[in-house]
Each structure stands twice: as structure tokens, then as C-alpha cells.
Amino acid sequence: FDESYKDTTLGEIASLVNRTDPKSDAPIMMLSAGNGFIMQSEKYSRDNAGQSLKKYILLKKGELAYNHGASKAKQYGCCYELTENEARIPYVYHCFKVCETEYTPYIAIALNNTKMDNQLKRLVSSSVRMDGLLNISFEDYMSITMSLPSSEEQKHIADFFSKLDERIKAQERLVSSLKKYKRGLVKALISGTVAFAGSENKHWETVSLAEIFTISAGGDIDRQNSSPTYSTSYPYPVYANALTNNGLYGYANYFKVEGDSITVSGRGEVGHAIARHCKYVPIVRLLSLVPKYEDDVDFFAHIINATSIYIESTGVPQLTSPQLGAVKVLRPPIWEQKRISSLLLKIDVKIENEEHLTLYLAKIRSSMLQQLFI
């Protein structure tokens, strides 16, 4: 496209929407920073309109709303176009529609882009909020400036991002389906509903984890002999109870656990198991399970994750070594443990690869948006 961009304010191409209709049966919706318009009942398990329903704005397809509430995902609020036919939304949102000379989906992308944050930040007169909302009035919001291409170019850009968003959502659904399939397969293998040819699942023995594992809890980290980053001087990973990044906390020049083992979170989201195949240091009450025999740690990590471990606690949930050791599990022959864990490992690799592709697509989208709205 050779046409030059034009500079304008949002108020020059948009107008206020403030219609109400208490008798409307349109769904009650709200704006989520990460997901756009969602049913209000999805967040609150019920509609919270109550007596204020008559104040709810009746928004129609193709119109937009700006939620000027700050969140971790959108520090200066979020703006989305309604793609449903109608919706009733909280009157505290700034609702508007774009004139016919512009392409609404493109305007929505531009307004929801992080590049708009610099303008929104200047509009916030102070850190004071009104009922939990940023101090940005409708008139203030309409004063933000935009640089717009021709309507034809707007359509091409917005339609491209729509296709990319569809691709990302399809990828996310694939990852979700793979995880669901794996959970079902693990339960089916444990229950005997699904079995390999020649399986001896009718003869699997029931044992406590303490019978086949030596269980210990991690302590404090030796800060003089550890580092937040890896180096040849600090080669051994330090693991804590966190679920993110597989619990990696840092690195040390010593280790406490050697060889194949399992770590199980003992605090917070207790009971999360990860098979480890390295020398490492467990800390912050992270539980380590070292096999007494030749049992497959990958298999039992899956078994522990599929087992409901109930912890009675009035404070922060905490799983102790004796509590974990008392948990009963099914123990197949070693060869069958390895066969099952090998299958589940292949599924894990597939899930990991698809998750990486999801992140890659999201990164491409973010990079393109940054280049588009310089």
C-alpha cells in the first residue's frame, strides 16, 4: 500500500454508545484483559447485575468497550470489539462505535496494543483510582491520537491478525487436548481399562511409597556455595517447590541427591512430582524420593501426579515425608513400568513441542504488532 497514514484522535472517528434496555435478554458479559468479552458468570459463577441491571450498557456487534481497570496483563486497561450479536456490560466501561470510514477490527487491535500504553499512562492524572478503575474519563480516552492507514489496508492487516489468532487458538486447543488425552491414558493404565499385550496388571502389587523409596526433605540452601546462574564452578541445579521452570531455583557447587530420583512439592501446590535424572540439591522442604530397588522413577512420577494426596491443614498446605511415604500406589513389574513410562514420555515430548510452537506463534504475533505500531 502506497497511501500515507493519517493522524487523528479517537474522538474524530468514534462516538459514544450509552443505550440501555433492562428488558433485553442479551447475555451479561464483562471484559477480560487476556480473553476479551467473557460471560460474567465465568468469573463470578453467577451474574452480579442485580438491581443495577437497568444501568448496564446494551452493546451490539461491532461496537467496542474500554475497561479502564488495571490488571497484570493490561496495566492501563483493555479495549475489545464485541463479536457476539448483543451483550449487556457494566456501565463503568467506556463504550463507543467507530464510524463507517474506518475498519473496526483494526481500530480494536490498535487500541489494545501495548504501544497505546504511553498515551494512557499520561492520561492517568494520579495513582488514585475510582472504584478500582484508572482515572481515565471517556473524554480523556477519546483524546488519544492514532495514525491510520487507508480503510483497505486496515482490513488487510486486521484480517491477517484474525487468521493468526485463529491459528494460535487452534494450537492452544491441540495442547489442551493432548494433556487431557495423557491424563485419561494414565488413569486407564492404572485402572487396567487399557493395557499392553502381555500386561500383568491383574498381578500388580499395592505398596506404600516408603516401601520402595527413601524419602527425605530438602533444607536451607548453602548460599556461600550456590549461585543464581549456571557455570562450571556451580554445575548442580538447586530445586525448590515452585512449579514454574520445573522448580529450578539456582545452581550449587555441591549436590545432595545423586542419580535417578523424584521430587515432590511439599508446600503450596503439594504433591506435584517430577522425575530427575541428575545430581541436584533440594531445598525449602522439597521432598526427594530415591528408589531402593530398580523401580522406574518416570513411571512413579506419573503415578504420584495421578494420585489424589489429601492434606488436612488450616494454613499453608504442607506435605511431610511420613505423609508421602504412607501413600499407597500400584507397582507393576519393572519391565512394565518402563514400557508405560516410555509411552508417556513420547506424549510428553509431543506436548512440549506443541507448547513451544504455541509460544513461537505468540512471539511472532507480538513482534509483528511492535513493528506495525511503531
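Calculation criteria
- Residues numbered from 1 in each chain as written.
- Predicted model: local features only at pLDDT ≥ 70, side-chain atom pairs only at ≥ 80, totals over all residues.
- Heavy atoms only, no water.
- Helix = DSSP H or I, 4+ residues; strand = E, 2+ residues; numbered from the N terminus.
- Contact = heavy atoms within 4.5 Å.
- Areas by Shrake-Rupley, 256 points an atom, 1.4 Å probe, with all protein chains shown as cover.
- Lys, Arg positive; Asp, Glu negative; His and termini not counted.
- Charge placed at Lys NZ, Arg CZ, Asp CG, Glu CD.
- Axes fitted to C-alpha atoms, helices over the stretch in contact; angles between N-to-C directions.
- Parallel < 35°, antiparallel > 145°, perpendicular 65-115°, else oblique.
- Left-handed = near helix turned anticlockwise from the far one by under 90°.
- Pairing = 2+ DSSP bridges.
- Buried < 20%, exposed > 50% of the residue type's maximum accessible area, 1.4 Å probe, protein only.
- Phe/Tyr/Trp six-rings, centres within 6.5 Å; stacked < 30°, edge-to-face > 60°.
- Core = buried A, V, L, I, M, F, W, Y, C linked by side-chain atoms within 4.5 Å.

Enquirer: Break down the overall build of the protein for me, citing the residues and quoting the values.
Expert: Tallying secondary structure elements over the protein gives 10 helices and 22 strands in all. Seen through its C-alpha atoms, the protein measures out along the principal axes to roughly 75 × 50 × 45 Å. Sequence separation of 24 or more characterises 74% of the internal contacts of the protein that already satisfy a separation of 6 or more. When the accessible surface of the protein is summed, it comes to about 20,900 Å², and 50% of that surface belongs to carbon and sulfur atoms. Charge separation in the protein, taken as the distance between the mean sites of 43 positive and 42 negative side-chain charges, equals 4 Å.

Enquirer: Break down the packing of helix α6 (residues 151-191) against helix α10 (residues 334-372) for me, with residues and values.
Expert: Interaxial distance between α6 and α10 falls to 10 Å at its minimum, and their mutual angle equals 165°. It follows that α6 is roughly antiparallel to α10 by the angle criterion. Judged by the sense of rotation from one axis to the other, the crossing of α6 with α10 is left-handed.

Enquirer: Describe the sheet that holds strand β21 (residues 287-291), and please don't skip the residues or the numbers.
Expert: The antiparallel open sheet is built from four strands, whose spatial order is β14-β21-β18-β19. If you trace the sheet from one side to the other, it starts and ends with β14 (213-217) and β19 (273-277), each paired once. Pairs of neighbouring strands in the sheet enclose a mean axial angle of 25°, with direction left out of account. Contacting β14, β18 (260-264), β19 and β21, helix α8 (residues 297-305) runs over the sheet at an angle of about 170° to β19.

Enquirer: Give a description of helix α3 (residues 104-111) that names residues and reports values.
Expert: Among the eight residues that make up α3, seven are buried, leaving the element largely enclosed by the rest of the structure. Considered for burial, the residues of α3 that qualify are T104, Y106, I107, A108, I109, A110 and L111.

Enquirer: Tell me about the environment of T206, and please be specific about residues and values.
Expert: Among the structural elements, T206 can be located in strand β13 (residues 205-208). Under the relative-accessibility criterion, T206 is labelled exposed at 52%. The sequence separation of T206 and Q323 amounts to 117 residues, and the corresponding C-alpha distance is 17 Å. Residues contacting T206, with those up to four places away along its chain left out, are K328, V329 and L330.

Enquirer: Describe the packing of α8 against α10, naming the residues involved and giving the relevant values.
Expert: It is at 8 Å that the axes of α8 and α10 come closest, and there the two elements cross at 70°. Compared by their axis directions, α8 and α10 come out roughly perpendicular. For the pair α8 and α10, the contacting residues are D298, F299, F300 and H302 in the first and Q337, I340, S341, L344 and D348 in the second.

Enquirer: Could you give an account of the packing of aromatic side chains, with specific residues and numbers?
Expert: Scanning the model with the defined rule gives eight aromatic pairs in all. Measuring from centroid to centroid gives 4.0 Å for Y66 and Y141, while their planes differ by 0°, and the two rings are stacked. Placement of Y66 in strand β6 (residues 64-67) and of Y141 in helix α5 (residues 138-142) is noted, with a sequence separation of 75 residues between them. Take Y66: its relative accessible area is 1%, and that puts it in the buried class. When the centroid spacing of 5.0 Å and the interplanar angle of 85° are considered together, the rings of F299 and F300 count as edge-to-face. The exposure class assigned to F299 is buried, which follows from its relative accessible area of 3%.

Enquirer: Describe the nonpolar core, with residues and values.
Expert: Core analysis: the biggest nonpolar cluster contains 35 residues, and L10, F96, I107, L111, L120, Y141 and M146 have the highest contact counts within it. The element best represented in this core is α3, accounting for six residues. For Y141, the residues in contact, after removing those within four places along its chain, are L10, Y66, C79, H94, F96, L111, L120, L123 and I136. V186, V207, L324 and V327 belong to the second-largest nonpolar core, a separate cluster that totals 30 residues.

Enquirer: Report on the sheet that holds strand β2 (residues 14-16), specifying residues and quantitative values.
Expert: Taken in spatial order, the four strands make up an open sheet running β2-β9-β6-β7, and their pairing is antiparallel. Looking at which strands have only one partner, the edges of the open sheet turn out to be β2 and β7 (78-81). Between one strand and the next, the sheet's axes are offset by a mean angle of 30°, whatever the strand orientation. Here β6 runs beside β7; their pairing, made up of four bridges, is antiparallel. Looking at the pairing, Y66 lines up with C79 of β7. α3 rests against β6, β7 and β9 (94-98) of the sheet, and its axis sits at about 165° to β7.

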